[in-house]
Amino acid sequence: MYTQGLDQKGEDAGRTAETAERLAAFQARIDAEEKIEAKDWMPDAYRRTLVRQISQHAHSEIIGMQPEGNWLTRAPSLRRKAILLAKVQDEAGHGLYLYSAAETLGTSRGQMVDDLLSGKAKYSSIFNYPTLTWADIGAIGWLVDGAAIMNQIPLCRCSYGPYARAMVRVCKEESFHQRQGFEIMLSLSRGSEEQKAMAQDALNRWWWPSLMMFGPGDSDSKHSAQSMAWKIKRFTNDELRQKFVDVTVPQAEFLGIRVPDDELEFDAESGHYKFGEIDWQEFFDVLAGNGPCNRQRLQKRQRAHNDGEWVREAARAYAEKQRRKAAA
Ligand code: BYC
């Protein structure tokens, strides 16, 4: 849909040279809260930042299908299986909207997928952890989708129109995902002692990686200042992380399970929870490809990509046939 638009005349309107006047006019549009659209002029660095962020986001949705897909055949009831199947399919849909939004910036989906498979492009650190028990499916919905919503609601107001609009639908679906995860956690925490222990164990393992999802602390976030000035990001990584902790700790209390942080305490003066230090070494190790499941995730994606080659080949042959027909 989006790429067809780019094929029309005026395709290069956004690619003319950067002059001080153009840069100032661009920033003035951002400051006036105008949306930037695919064919509008934009600085190269704005385009590159968006391709990086949106493609990383798309890859996260697609790779994120794996840890949950792992439990499709072992969901504890038909109802749970149907819900999980729908959720995993939603993630595939999110990936596709996001690849389409990134394509409007002139990078093909093929190129983005190649960058993922070669290890050049990142995807969210969180999907490099294993799903060991059914409670992990509850924890992912509750914490991972909960963190994703916290990050994505402000992205609905991102200055780049196609990304902002894609986020509106994604957020509606994520909100359903978060609730289904919380409902699983609620059932487990009201169940047998063994089920409560499973819920606690899942929280123990997913809490810190969920906080890492928001990215490095503000002092180490190399892109935040520029992305905030361009209104791609509306809040810093630390601001969103704090909001997430503030919302989620009372939910854990409601569930009757303990957040695994001895330093966690409510600070009445600021109205926020204080929390312990994140293990940033673990975060950077995962980013460097050395998390518990990095290799497995990429190998599986590579296999799926290879298995789909015949579909891409058939689509290309069909497109060529249509092109010849139209030319004849
Ligand atoms: N994991 O300067 P910074 C979902 C990278 S999926 C990996 O702060 P920025 C779901 C960062 O890219 C939801 N890498 O960067 C799906 C940068 O890399 P470079 C996924 C990370 O961009 C299925 C470097 O570290 N959500 O919900 O200003 C099932 C420096 O960071 C991470 C999104 O993708 C990380 N956690 O801010 C269930 C949201 N954090 O320059 C659920 C869209 C940072 O070395 N993305 N890096 O290549 C964003 O909002 C921003 O890109 C971030 C990072 C807040 C993540």
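Relevant structure appears above.
Conventions we followed
Just so you know, the residues in each chain are numbered from 1, in the order the chain's sequence is written. Where totals are concerned, whole chains, interfaces and linings use all residues; where local detail is concerned, this predicted model gives features only for residues with pLDDT of at least 70, and gives and counts side-chain atom pairs only at 80 or more. The basis for every side-chain value is the complete set of non-hydrogen atoms in the structure, without hydrogens or water. By the criteria applied, helices consist of DSSP H or I runs no shorter than four residues and strands consist of E runs no shorter than two, each listed in order from the N terminus. Only C-alpha atoms enter the radius of gyration, while the globule expectation follows 2.2 Å times N to the 0.38, with N the number of residues. Partly exposed residues are those whose accessible area sits between 20% and 50% of the maximum for their type, while under 20% is buried and over 50% is exposed, using a 1.4 Å probe and protein chains only. We get accessible surface area from the Shrake-Rupley algorithm with a probe of 1.4 Å; when it comes to residues, only the shown protein chains can shield them. Neither His nor the chain termini are counted; the positive set is Lys and Arg, and the negative set is Asp and Glu. To locate a charge, take atom NZ for lysine, CZ for arginine, CG for aspartate or CD for glutamate. One heavy atom suffices: a residue is near a molecule or strand as soon as one of its heavy atoms comes within 4 Å of it. Two N or O atoms count as a polar contact when they lie within 3.5 Å, although within protein this holds only if one can serve as hydrogen donor and the other as acceptor, and sequence-adjacent residues are included solely when both atoms are side-chain atoms. Under this grouping Gly is polar, as are all residues other than the nonpolar Ala, Val, Leu, Ile, Met, Phe, Trp, Tyr, Cys and Pro and the charged Asp, Glu, Lys and Arg. Residue contacts are counted whenever heavy atoms from the two residues lie within 4.5 Å of one another. The axes used here are C-alpha line fits, helices contributing only the stretch in contact, and every angle between their N-to-C directions lies in the interval 0 to 180 degrees. The labels follow the angle: roughly parallel below 35 degrees, roughly antiparallel above 145, roughly perpendicular from 65 to 115, and oblique for the rest. A pair of Phe, Tyr and Trp rings is counted when the ring centres sit within 6.5 Å of each other, with Trp represented by its six-membered ring. The angle between the planes then sorts it: under 30 degrees is stacked, over 60 is edge-to-face, the rest tilted. Put simply, a charge is over a ring when the Lys NZ or the Arg CZ is close to the ring centre, within 6 Å, and near the line of the ring normal, within 35 degrees.

1. Thoughts on the overall build of the chain
Next up, step 1: Per the secondary structure count, the chain includes 14 helices and two strands.
Next up, step 2: For a compact globule of 328 residues, the expected C-alpha radius of gyration is about 20 Å, and the chain comes in at 21 Å, within 12% of that figure.
Next up, step 3: On the principal axes, the C-alpha backbone points of the chain span a range of 70 × 50 × 35 Å.
Next up, step 4: Here the chain, with 328 residues, has 48% of them falling under the buried criterion.
Next up, step 5: Accessible area of the chain: about 16600 Å², with a carbon and sulfur share of 54%.
Next up, step 6: Where the 44 positive side-chain charges of the chain centre and where its 46 negative ones centre are 8 Å apart.

2. Let's talk about the site of the ligand
Next up, step 1: As a matter of local geometry, the ligand sits amid 33 residues, with Gln 56, Ser 221, His 223, Lys 233 and Asn 237 nearest to it.
Next up, step 2: In this structure, Arg 52 approaches the ligand through a side-chain N or O atom, which is 3.0 Å from an oxygen atom.
Next up, step 3: A distance of 3.0 Å separates an oxygen atom of the ligand from a polar atom in the backbone of Lys 222.
Next up, step 4: Protein coverage of the free-state accessible area of the ligand, which is 1100 Å², stands at 93%.
Next up, step 5: For the shell around the ligand, the elements supplying multiple residues, two or more each, are helix H3 (44–63), helix H5 (78–103), helix H7 (135–155), helix H8 (161–189) and helix H12 (280–290).
Next up, step 6: When its residues are assigned to classes, the shell around the ligand shows 10 nonpolar, 13 polar and 10 charged.

3. Section: the environment of Asp 136
Next up, step 1: Here Asp 136 lies in helix H7.
Next up, step 2: Given the relative accessible area of 0%, Asp 136 is considered buried.
Next up, step 3: As for Asp 136 and Ile 184, which are separated by 48 residues in sequence, their C-alpha atoms are 9.5 Å apart.
Next up, step 4: The residues contacting Asp 136, other than those within four sequence positions of it, are Pro 130, Thr 131, Ala 202, Arg 205 and Trp 206.
Next up, step 5: Reaching out from Asp 136, the side chain makes a polar contact with the side chain of Trp 206 at a distance of 3.3 Å.

4. Quick word on the environment of Gln 296
Next up, step 1: On the secondary structure map, Gln 296 appears in helix H13 (residues 294–307).
Next up, step 2: We classify Gln 296 as partly exposed; its relative accessible area is 46%.
Next up, step 3: In the structure, Gln 296 is positioned 230 residues away from Gln 66 in sequence and 9.8 Å away in space, judged by C-alpha atoms.

5. A few points about the packing of H13 against helix H14 (residues 309–327)
Next up, step 1: The contact between H13 and H14 brings their axes to 4 Å, and the two run at 40°. Relative to H14, H13 is oriented oblique. Contacts between H13 and H14 pair His 305, Asn 306 and Asp 307 from the former with Glu 309, Trp 310 and Arg 312 from the latter.
Next up, step 2: Of the residues belonging to the contact of H13 with H14, the class tally is one nonpolar, two polar and three charged.

6. Regarding the side chain of Asp 246
Next up, step 1: Position of Asp 246 relative to the elements: it lies in helix H11 (residues 237–255).
Next up, step 2: If we skip the residues at most four places from it in the chain, Asp 246 touches Gly 271, His 272 and Tyr 273.

7. Observations regarding the packing of aromatic side chains
Next up, step 1: Throughout the structure, instances matching the rule amount to 12 aromatic pairs.
Next up, step 2: Ring plane angle 65° and centroid distance 6.3 Å describe the contact between Trp 71 and Trp 134, whose orientation is recorded as edge-to-face. With a gap of 63 residues between them, Trp 71 in the loop between helix H4 (65–69) and H5 and Trp 134 in the loop between helix H6 (109–117) and H7 connect regions that are remote in the sequence. With respect to burial, Trp 71 and Trp 134 carry one shared label: buried.
Next up, step 3: Between Phe 283 and Phe 284 the ring centres are 5.1 Å apart and the planes differ by 70°, which places this aromatic pair in the edge-to-face class.
Next up, step 4: For Phe 283, a relative accessible area of 4% translates into the label buried.
Next up, step 5: Here a set of aromatic residues connected by ring pairs shows up, and it is made of Phe 26, Trp 41, Tyr 46 and Trp 230.
Next up, step 6: When the ring centre of Trp 71 is taken as reference, the NZ or CZ atom of Arg 74 above it lies at 3.9 Å.
Next up, step 7: Taking NZ or CZ as reference, Lys 243 lies 4.4 Å from the ring centre of Phe 235, over its face.

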